[in-house]
Amino acid sequence: MPQPTWIFDLDNTLHHASRHAFPVIDSAMTAWLQSELQLQQSAANQLRQDYWRRYGATLLGLVRHHPHLNPHHFLAACHPLPQLLSQVHPMPQLKSTLARLNGSKILFTNGPIAYARAMLAALDIERYFIGIAAIDTLNLTPKPIPKAYHQMLRQFLNFKPATASWLKTASTI
C-alpha cells in the first residue's frame, strides 16, 4: 500500500499566526501600500483589507490594479523575517504529531518561500517536509484558486488536473 502524502498549511495550522505573525504582516502590508501608493495609513489599511476580501489575497489586488508595482518586493517587505521570528507560537504537540504521521509532508502556503523556510526552521520541523509550495513558487497564484492546488500537486506528485474531478468539486463548495 502506498504511503500517504500530507499537505499542510503554515499559518494557524503549524503555528498560531494570529498571535504575532498576522499582525506583523498586516502592519507591514499597510505600511508598504502607504509608501508605494502615497496613501494615508487608514486608506492603505482599508485598501489592503478590500483587496483581501475581493480577491482572497491582497497580492492579487495589487497585481490587478497596480501592475507597475513589483509583487516580489511586496512579498519580501510584508514578511519582515527578523520581526516575524522574534515570536513563534507552535501548535501544541507539533513535533510529536508530525513524527507520528507516516508518509510525505508538503508545506503549502500563501506566504513567500523565504518566510516558509524561516518558519519551518524556527519551529524546528523542516526535517519533516519534503518540499514547500509557496506563493512565489506557484507563479503568484494563491490558495484557494484551484490552479494553485494543481501547480502544487503537479510539482510534488506528478499530478494531472484533468483526472482530479474531486478538486474541481471541492473548490466550488
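Refer to the structure printed above.
Residues numbered from 1 in each chain as written. Predicted model: local features only at pLDDT ≥ 70, side-chain atom pairs only at ≥ 80, totals over all residues. Heavy atoms only, no water.

### Remarks on the packing of helix H2 (residues 41-55) against helix H3 (residues 58-65)
Contact pair H2 / H3: the axes reach a minimum separation of 7 Å and the direction vectors enclose 95°. One way to sum up the angle between H2 and H3 is to call them roughly perpendicular. In contact with Arg48, Tyr51, Trp52, Arg54 and Tyr55 of H2, H3 contributes Thr58, Leu60, Gly61, Leu62, Arg64 and His65. For the contact of H2 with H3, the class distribution of residues is five nonpolar, three polar and three charged. (Axes fitted to C-alpha atoms, helices over the stretch in contact; angles between N-to-C directions. Helix = DSSP H or I, 4+ residues; strand = E, 2+ residues; numbered from the N terminus. Parallel < 35°, antiparallel > 145°, perpendicular 65-115°, else oblique. Contact = heavy atoms within 4.5 Å. Nonpolar A, V, L, I, M, F, W, Y, C, P; charged D, E, K, R; others polar.)

### What to know about the pattern of salt bridges
Going through the model one piece at a time under the given rule, you end up with five salt bridges. Between Arg48 and Asp26 there is a salt bridge, with its nearest N and O atoms 3.4 Å apart. In this pair, Arg48 sits in helix H2 while Asp26 sits in helix H1 (residues 21-37), placing the two residues 22 residues apart along the sequence. In this structure Arg48 comes out as buried when scored by relative accessible area, which is 10%. With a closest N to O distance of 3.0 Å, Asp124 and Lys95 form a salt bridge. Taken together, the residues Asp124 in the loop between helix H7 (113-122) and strand E3 (131-133) and Lys95 in helix H6 (residues 94-100) connect sequence positions 29 residues apart. By sharing partners, the salt bridges in this structure join Lys95, Asp124 and Arg127 into a single network. (Salt bridge = Lys/Arg side-chain N within 4 Å of Asp/Glu carboxyl O. Buried < 20%, exposed > 50% of the residue type's maximum accessible area, 1.4 Å probe, protein only.)

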